[in-house]
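# Fold and geometry: a report
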Amino acid sequence: MTARLNVELCGRLAEACGRMVELDLPEEEVPVSVMFTALAAAYPSLAPSIASGRVRACVNEALVGPDSPVRAGDEVALFPPVSGG
């Protein structure tokens, strides 16, 4: 069974694919790391940023780690690394 997830892309991540992308998850709930892998496969232009390990995920407005669960219907936003001093 697959579950559909809408993912908001912020900053330069949105430049390649637009501000929102849809992703079919392999299960109703997966870790963020699995979501990243699925995103990189579905949207190859995101793969280099995701592979860097520096993209951060927010799920339901909370910053989460790679082992945190993400479910269909969650509000998900991805943020690229930012530079500055």
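A short tour of the structure in this document, coming up. (Residues numbered from 1 in each chain as written. Predicted model: local features only at pLDDT ≥ 70, side-chain atom pairs only at ≥ 80, totals over all residues. Heavy atoms only, no water.)

## Structural notes on the pairing of strand 2 (residues 20-25)
The line we're drawing: Relative accessibility decides the category of a residue: with a 1.4 Å probe and only protein chains considered, values under 20% of the type maximum give buried, values over 50% give exposed, and everything between is partly exposed. Helix numbers and strand numbers start at the N terminus; a helix is a DSSP run of H or I with at least 4 residues, a strand a run of E with at least 2. Between any two strands, pairing holds if DSSP finds at least two bridges.
Residues V21, L23 and L25 of strand 2 are buried on one face, while the alternating residues M20, E22 and D24, pointing to the opposite face, are not. As paired strands, strand 1 (residues 3-9) and strand 2 are joined by 6 bridges and run antiparallel to one another. Within strand 2, the position partnered with A3 by the bridge is L25.

## Here we look at the pattern of salt bridges
Any two side chains of opposite charge can pair, so long as their charged atoms come close to each other. Stated precisely, the cut-off is as follows: Only one rule defines a salt bridge in this text: a Lys or Arg side-chain nitrogen within 4 Å of an Asp or Glu carboxyl oxygen.
Enumeration over the complete set of coordinates arrives at 4 salt bridges. For D24, the salt bridge is made with R4, and the minimal N-O distance between the two is 2.8 Å. Of this pair, D24 sits in strand 2 while R4 sits in strand 1, placing them 20 residues apart in sequence. What makes R4 partly exposed here is its relative accessible area of 46%. Three or more residues are tied together by salt bridges with common partners; here these are R4, E22 and D24.

## Digging into the sheet that holds strand 5 (residues 62-64)
As a reminder, the rule being used: Axes here mean lines fitted to C-alpha atoms, for a helix over just the part in contact, with angles spanning 0 to 180 degrees between N-to-C directions.
In spatial order, the strands read 2-1-7-4-5; together these 5 strands make up an open sheet with mixed pairing. Here the strands that pair on one side only, and so sit at the sheet edges, are strand 2 and strand 5. Neighbouring strand axes in the sheet, compared pairwise and without regard to direction, differ in orientation by 35 degrees on average. One ladder, built from 3 bridges, connects strand 1 with strand 7 (residues 76-79); its direction is parallel. Bridging across to strand 7, V7 finds its partner in V76.

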